[in-house]
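Architecture at a glance
So the chains spell out like this:
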Amino acid sequence: MGFNATGNIAHASTSAAQENVLEWVKKDKRRMLHVVYRVGDLDRTIKFYTECLGMKLLRRRDIPEERYTNAFLGYGPEDSHFVIELTYNYGVDKYDIGAGFGHFGIAVEDVTKTVDLIKAKGGKVTREPGPVKGGSTVIAFIEDPDGYKFELLERGPTPEPLCQVMLRVGDLDRSINFYEKAFGMELLRKRDNPEYKYTIAMMGYGPEDKNAVLELTYNYGVSEYDKGNGYAQIAIGTDDVYKTAEAIKLSGGKITREPGPLPGINTKITACLDPDGWKSVFVDNIDFLKELD
(Lines give C-alpha, C1' and ligand atoms only; values in the text may rest on other atoms or scores of the structure.)
Protein backbone atom coordinates (compact mmCIF):
# COMPACT_ATOMS: atom_id res chain seq x y z
CA MET A 1 0.00 0.00 0.00
CA GLY A 2 2.78 2.40 1.03
CA PHE A 3 4.75 1.44 -2.09
CA ASN A 4 1.79 2.20 -4.38
CA ALA A 5 1.21 5.55 -2.71
CA THR A 6 4.88 6.49 -3.17
CA GLY A 7 4.74 5.34 -6.79
CA ASN A 8 1.62 7.42 -7.38
CA ILE A 9 3.23 10.52 -5.79
CA ALA A 10 6.32 10.09 -7.97
CA HIS A 11 4.15 9.62 -11.05
CA ALA A 12 2.05 12.68 -10.17
CA SER A 13 5.12 14.87 -9.66
CA THR A 14 6.62 13.67 -12.98
CA SER A 15 3.34 14.46 -14.77
CA ALA A 16 3.22 17.89 -13.12
CA ALA A 17 6.83 18.60 -14.18
CA GLN A 18 6.03 17.56 -17.76
CA GLU A 19 2.95 19.74 -17.79
CA ASN A 20 4.98 22.69 -16.45
CA VAL A 21 7.54 22.34 -19.26
CA LEU A 22 4.80 22.29 -21.92
CA GLU A 23 3.14 25.32 -20.27
CA TRP A 24 6.51 27.10 -20.18
CA VAL A 25 6.89 26.60 -23.96
CA LYS A 26 3.82 28.82 -24.55
CA LYS A 27 5.41 31.66 -22.52
CA ASP A 28 8.97 31.29 -23.85
CA LYS A 29 10.23 34.23 -25.93
CA ARG A 30 10.54 32.54 -29.30
CA ARG A 31 11.19 33.97 -32.72
CA MET A 32 12.17 32.46 -36.07
CA LEU A 33 15.77 33.66 -36.53
CA HIS A 34 16.96 32.30 -39.87
CA VAL A 35 16.54 29.55 -42.44
CA VAL A 36 19.63 27.63 -43.54
CA TYR A 37 20.24 26.02 -46.93
CA ARG A 38 23.12 25.09 -49.22
CA VAL A 39 24.10 26.75 -52.49
CA GLY A 40 26.65 25.93 -55.17
CA ASP A 41 28.09 29.41 -55.79
CA LEU A 42 27.87 31.92 -52.97
CA ASP A 43 28.77 35.05 -54.97
CA ARG A 44 26.23 34.21 -57.69
CA THR A 45 23.45 33.75 -55.09
CA ILE A 46 24.36 36.92 -53.16
CA LYS A 47 24.27 38.88 -56.44
CA PHE A 48 20.81 37.49 -57.31
CA TYR A 49 19.32 38.11 -53.85
CA THR A 50 20.67 41.64 -53.53
CA GLU A 51 19.99 42.79 -57.12
CA CYS A 52 16.71 40.98 -57.84
CA LEU A 53 15.12 40.51 -54.41
CA GLY A 54 16.40 43.68 -52.73
CA MET A 55 18.09 41.90 -49.81
CA LYS A 56 21.17 43.16 -48.01
CA LEU A 57 24.29 41.10 -47.30
CA LEU A 58 24.36 41.31 -43.50
CA ARG A 59 27.54 39.34 -42.78
CA ARG A 60 29.76 36.63 -44.16
CA ARG A 61 32.00 34.18 -42.32
CA ASP A 62 34.49 31.71 -43.68
CA ILE A 63 35.38 28.57 -41.69
CA PRO A 64 38.37 27.19 -43.67
CA GLU A 65 39.12 24.40 -41.17
CA GLU A 66 35.58 23.03 -41.72
CA ARG A 67 35.73 23.90 -45.45
CA TYR A 68 32.58 26.02 -45.65
CA THR A 69 31.46 29.67 -45.86
CA ASN A 70 28.22 31.23 -44.59
CA ALA A 71 26.50 34.38 -45.81
CA PHE A 72 23.57 35.99 -44.00
CA LEU A 73 21.11 37.99 -46.11
CA GLY A 74 17.84 39.72 -45.35
CA TYR A 75 15.75 42.86 -45.18
CA GLY A 76 16.95 44.13 -41.80
CA PRO A 77 19.23 43.35 -38.84
CA GLU A 78 19.35 39.78 -37.54
CA ASP A 79 18.35 40.79 -34.01
CA SER A 80 14.91 41.83 -35.28
CA HIS A 81 14.35 40.16 -38.67
CA PHE A 82 14.03 36.65 -40.07
CA VAL A 83 16.99 36.17 -42.44
CA ILE A 84 18.58 33.64 -44.79
CA GLU A 85 21.79 31.80 -43.91
CA LEU A 86 23.43 30.42 -47.04
CA THR A 87 26.03 27.69 -46.73
CA TYR A 88 28.66 27.06 -49.37
CA ASN A 89 30.65 23.84 -48.89
CA TYR A 90 34.03 24.02 -50.62
CA GLY A 91 33.98 22.22 -53.96
CA VAL A 92 30.25 21.37 -53.98
CA ASP A 93 28.46 23.19 -56.78
CA LYS A 94 25.11 21.37 -56.95
CA TYR A 95 22.47 20.10 -54.51
CA ASP A 96 19.33 18.03 -54.78
CA ILE A 97 16.46 20.16 -53.46
CA GLY A 98 14.13 17.15 -53.24
CA ALA A 99 10.33 17.11 -53.37
CA GLY A 100 9.64 17.90 -49.70
CA PHE A 101 10.88 21.49 -49.63
CA GLY A 102 8.33 23.87 -51.17
CA HIS A 103 9.39 27.52 -51.29
CA PHE A 104 10.31 30.68 -49.43
CA GLY A 105 7.82 33.55 -49.38
CA ILE A 106 8.67 37.22 -49.89
CA ALA A 107 6.10 40.00 -49.43
CA VAL A 108 6.47 42.78 -52.02
CA GLU A 109 4.33 45.84 -52.69
CA ASP A 110 4.19 45.28 -56.47
CA VAL A 111 4.58 41.71 -57.75
CA THR A 112 4.52 42.67 -61.47
CA LYS A 113 7.26 45.29 -61.03
CA THR A 114 9.41 42.82 -59.04
CA VAL A 115 8.95 40.13 -61.72
CA ASP A 116 9.93 42.57 -64.49
CA LEU A 117 13.13 43.42 -62.60
CA ILE A 118 13.93 39.71 -62.07
CA LYS A 119 13.42 39.01 -65.79
CA ALA A 120 15.65 41.97 -66.72
CA LYS A 121 18.41 40.48 -64.53
CA GLY A 122 18.04 37.07 -66.20
CA GLY A 123 16.08 35.45 -63.37
CA LYS A 124 13.70 32.55 -63.99
CA VAL A 125 9.95 33.18 -63.55
CA THR A 126 7.98 29.94 -63.19
CA ARG A 127 4.55 31.48 -62.61
CA GLU A 128 3.57 34.86 -63.99
CA PRO A 129 1.88 37.39 -61.65
CA GLY A 130 -1.82 36.75 -61.04
CA PRO A 131 -4.32 35.89 -58.30
CA VAL A 132 -3.71 32.78 -56.21
CA LYS A 133 -5.94 29.81 -57.13
CA GLY A 134 -9.25 30.25 -55.35
CA GLY A 135 -8.28 33.65 -53.88
CA SER A 136 -7.50 37.26 -54.70
CA THR A 137 -3.90 37.73 -53.44
CA VAL A 138 -1.58 38.47 -56.38
CA ILE A 139 1.40 36.12 -56.42
CA ALA A 140 4.20 34.95 -58.72
CA PHE A 141 6.85 32.25 -58.46
CA ILE A 142 10.50 32.59 -59.33
CA GLU A 143 13.57 30.36 -59.00
CA ASP A 144 17.00 31.36 -57.75
CA PRO A 145 20.19 30.16 -59.54
CA ASP A 146 20.18 26.89 -57.53
CA GLY A 147 16.53 26.13 -58.26
CA TYR A 148 15.04 27.15 -54.88
CA LYS A 149 11.54 28.53 -55.39
CA PHE A 150 10.38 31.88 -54.03
CA GLU A 151 6.74 32.90 -53.89
CA LEU A 152 6.27 36.66 -54.27
CA LEU A 153 3.14 37.82 -52.41
CA GLU A 154 1.63 41.25 -53.00
CA ARG A 155 1.16 42.98 -49.63
CA GLY A 156 1.29 46.45 -48.16
CA PRO A 157 4.39 47.56 -46.22
CA THR A 158 5.46 44.91 -43.70
CA PRO A 159 8.17 44.73 -41.02
CA GLU A 160 9.03 41.17 -42.17
CA PRO A 161 9.28 40.86 -45.99
CA LEU A 162 10.92 37.40 -45.79
CA CYS A 163 7.67 35.92 -44.60
CA GLN A 164 7.35 32.16 -45.24
CA VAL A 165 9.09 28.82 -45.37
CA MET A 166 6.89 26.15 -46.98
CA LEU A 167 7.53 22.47 -46.22
CA ARG A 168 5.44 19.45 -47.22
CA VAL A 169 4.32 17.03 -44.52
CA GLY A 170 2.70 13.59 -44.51
CA ASP A 171 0.09 14.11 -41.78
CA LEU A 172 -1.08 17.68 -41.22
CA ASP A 173 -2.87 17.18 -37.90
CA ARG A 174 0.15 15.39 -36.45
CA SER A 175 2.42 18.25 -37.58
CA ILE A 176 0.10 20.97 -36.24
CA ASN A 177 -0.07 19.22 -32.88
CA PHE A 178 3.74 18.87 -32.76
CA TYR A 179 4.51 22.50 -33.67
CA GLU A 180 1.93 23.79 -31.20
CA LYS A 181 3.13 21.61 -28.32
CA ALA A 182 6.89 21.34 -28.87
CA PHE A 183 7.57 24.66 -30.61
CA GLY A 184 4.87 26.80 -28.95
CA MET A 185 3.66 27.98 -32.36
CA GLU A 186 0.07 29.04 -32.99
CA LEU A 187 -2.07 27.66 -35.78
CA LEU A 188 -2.75 30.97 -37.55
CA ARG A 189 -5.01 29.52 -40.21
CA LYS A 190 -5.78 26.33 -42.08
CA ARG A 191 -7.15 26.13 -45.60
CA ASP A 192 -8.34 23.08 -47.48
CA ASN A 193 -8.30 23.07 -51.31
CA PRO A 194 -10.20 19.91 -52.29
CA GLU A 195 -10.23 21.00 -55.94
CA TYR A 196 -6.43 20.90 -56.05
CA LYS A 197 -6.15 18.10 -53.46
CA TYR A 198 -4.07 19.83 -50.80
CA THR A 199 -4.45 21.49 -47.37
CA ILE A 200 -2.19 24.14 -45.86
CA ALA A 201 -1.62 25.23 -42.28
CA MET A 202 0.16 28.46 -41.33
CA MET A 203 2.09 28.15 -38.06
CA GLY A 204 4.00 30.90 -36.29
CA TYR A 205 4.65 33.21 -33.35
CA GLY A 206 2.42 36.09 -34.43
CA PRO A 207 0.25 37.37 -37.28
CA GLU A 208 1.33 36.57 -40.83
CA ASP A 209 1.54 40.18 -41.96
CA LYS A 210 4.11 41.01 -39.27
CA ASN A 211 6.06 37.76 -38.71
CA ALA A 212 7.74 34.98 -40.64
CA VAL A 213 5.62 31.82 -40.63
CA LEU A 214 5.97 28.14 -41.37
CA GLU A 215 3.58 27.01 -44.11
CA LEU A 216 2.93 23.27 -43.87
CA THR A 217 1.38 21.63 -46.93
CA TYR A 218 -0.36 18.28 -47.02
CA ASN A 219 -1.00 16.79 -50.47
CA TYR A 220 -3.86 14.28 -50.38
CA GLY A 221 -2.58 10.72 -50.10
CA VAL A 222 1.15 11.58 -49.91
CA SER A 223 2.68 10.53 -46.59
CA GLU A 224 6.41 10.75 -47.34
CA TYR A 225 8.79 13.01 -49.27
CA ASP A 226 12.35 12.92 -50.54
CA LYS A 227 14.05 15.81 -48.74
CA GLY A 228 17.16 16.02 -50.91
CA ASN A 229 20.31 17.57 -49.44
CA GLY A 230 19.89 21.30 -50.20
CA TYR A 231 17.50 22.61 -47.57
CA ALA A 232 18.92 22.32 -44.04
CA GLN A 233 16.89 23.82 -41.17
CA ILE A 234 15.17 26.71 -39.44
CA ALA A 235 16.76 28.32 -36.38
CA ILE A 236 14.49 29.57 -33.57
CA GLY A 237 15.43 31.67 -30.54
CA THR A 238 14.58 30.43 -27.02
CA ASP A 239 15.28 31.51 -23.44
CA ASP A 240 16.24 27.97 -22.38
CA VAL A 241 17.57 25.26 -24.73
CA TYR A 242 17.45 22.63 -21.94
CA LYS A 243 13.72 23.04 -21.26
CA THR A 244 13.11 23.27 -25.00
CA ALA A 245 14.76 19.88 -25.58
CA GLU A 246 12.66 18.38 -22.80
CA ALA A 247 9.43 19.70 -24.36
CA ILE A 248 10.44 18.36 -27.79
CA LYS A 249 11.04 14.88 -26.34
CA LEU A 250 7.67 14.98 -24.52
CA SER A 251 5.96 15.93 -27.79
CA GLY A 252 7.39 13.02 -29.76
CA GLY A 253 10.20 14.92 -31.50
CA LYS A 254 13.68 13.47 -31.91
CA ILE A 255 16.64 15.36 -30.41
CA THR A 256 19.62 15.13 -32.77
CA ARG A 257 21.89 17.35 -30.68
CA GLU A 258 21.53 17.41 -26.93
CA PRO A 259 21.29 20.93 -25.46
CA GLY A 260 24.55 22.64 -24.57
CA PRO A 261 27.22 25.10 -25.75
CA LEU A 262 28.80 24.80 -29.20
CA PRO A 263 32.56 24.18 -29.09
CA GLY A 264 34.57 27.31 -29.83
CA ILE A 265 31.75 29.89 -29.71
CA ASN A 266 29.89 28.75 -26.56
CA THR A 267 26.44 29.53 -27.99
CA LYS A 268 23.96 27.11 -26.41
CA ILE A 269 21.82 25.21 -28.91
CA THR A 270 19.76 22.06 -29.29
CA ALA A 271 18.65 20.43 -32.57
CA CYS A 272 15.68 18.22 -33.34
CA LEU A 273 13.63 16.53 -36.04
CA ASP A 274 9.86 16.91 -36.41
CA PRO A 275 7.66 13.83 -37.15
CA ASP A 276 8.49 14.15 -40.90
CA GLY A 277 12.23 14.46 -40.30
CA TRP A 278 12.49 18.24 -40.91
CA LYS A 279 15.28 19.70 -38.81
CA SER A 280 15.14 22.75 -36.53
CA VAL A 281 17.76 24.27 -34.25
CA PHE A 282 16.94 26.25 -31.11
CA VAL A 283 19.46 28.92 -30.13
CA ASP A 284 19.82 30.63 -26.73
CA ASN A 285 18.46 34.19 -27.14
CA ILE A 286 21.18 35.92 -25.09
CA ASP A 287 23.99 33.91 -26.71
CA PHE A 288 22.61 34.71 -30.17
CA LEU A 289 22.68 38.46 -29.50
CA LYS A 290 26.26 38.18 -28.17
CA GLU A 291 27.24 36.36 -31.39
CA LEU A 292 25.99 39.33 -33.43
CA ASP A 293 28.05 41.90 -31.47
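A quick note: this is a predicted structure, and the numbers were derived from the prediction, not measured.

Some points on the sheet that holds strand β11 (residues 198-204)
Within the open sheet, the 8 strands sit side by side as β6-β7-β8-β5-β9-β12-β11-β10. Their pairing is mixed. Each edge of the sheet is formed by a strand with only one pairing partner; in this case those strands are β6 (124-131) and β10 (186-193). For this sheet, the mean angle separating the axes of adjacent strands, direction not counted, is 20 degrees. Pairing geometry for β6 and strand β7 (residues 138-143), over 5 bridges, is antiparallel. Residue pairing across strands places Val-125 opposite Ile-142, the latter belonging to β7. Of the strands in this sheet, β5 (101-108), β6, β7 and β8 (149-154) are in contact with helix α3 (residues 111-120), which crosses β6 at around 165 degrees.

Considering a negative patch on the surface
On the surface, a cluster of negative charge is made up of Glu-109, Asp-110, Asp-116 and Glu-154. Relative to the helices and strands, Asp-110 is located in the loop between β5 and α3.

Some thoughts on helix α4 (residues 172-181)
Turning to α4, its buried residues are Leu-172, Ser-175, Ile-176, Phe-178 and Tyr-179. Along the axis of α4, the buried residues cluster in a sector spanning 165 degrees; they form a single face. Elements that come into contact with the buried residues of α4 comprise β10, β11, β12 (213-219), α5 (241-250) and β15 (268-273). Capping of α4 at its N-terminal end is provided by Asp-171; its side-chain oxygen lies 3.3 Å from the backbone amide nitrogen of Asp-173.

A short note on the nonpolar core
The biggest cluster of nonpolar side chains holds 56 residues, and the ones touching the most others in it are Tyr-37, Tyr-49, Leu-53 and Phe-150. Contacts of Leu-53, omitting those with residues within four sequence positions, involve Phe-48, Tyr-75, Ile-106, Ile-118, Ile-142, Phe-150 and Leu-152. Grouped together as the second largest cluster of nonpolar side chains are 7 residues, Leu-33, Ile-269, Ala-271 and Phe-288 included.

Digging into the UniProt feature "active site" (unreviewed entry) in the protein
Sequence positions flagged by UniProt for "active site" (unreviewed entry) are, in local numbering, Glu-151. Residue placement: Glu-151 occurs in strand β8. Among all residues touching Glu-151, those that are not within four sequence positions of it are His-103, Phe-104, Gly-105, Ile-106, Ile-139, Ala-140, Phe-141, Gln-164 and Glu-215.

The rules behind each value
Residues numbered from 1 in each chain as written. Predicted model: local features only at pLDDT ≥ 70, side-chain atom pairs only at ≥ 80, totals over all residues. Heavy atoms only, no water. Pairing = 2+ DSSP bridges. Helix = DSSP H or I, 4+ residues; strand = E, 2+ residues; numbered from the N terminus. Axes fitted to C-alpha atoms, helices over the stretch in contact; angles between N-to-C directions. Contact = heavy atoms within 4.5 Å. Patch = residues over 30% accessible without salt bridge, like charges linked within 9 Å, V, L, I, M, F, W, Y side chains within 5 Å. Areas by Shrake-Rupley, 256 points an atom, 1.4 Å probe, with all protein chains shown as cover. Salt bridge = Lys/Arg side-chain N within 4 Å of Asp/Glu carboxyl O. Lys, Arg positive; Asp, Glu negative; His and termini not counted. Charge placed at Lys NZ, Arg CZ, Asp CG, Glu CD. Buried < 20%, exposed > 50% of the residue type's maximum accessible area, 1.4 Å probe, protein only. Arc of directions from axis to C-beta. Polar contact = N/O pair within 3.5 Å; in protein donor to acceptor, adjacent residues only side chain to side chain. Core = buried A, V, L, I, M, F, W, Y, C linked by side-chain atoms within 4.5 Å. UniProt positions renumbered as here; feature names shortened; annotations may be inferred.

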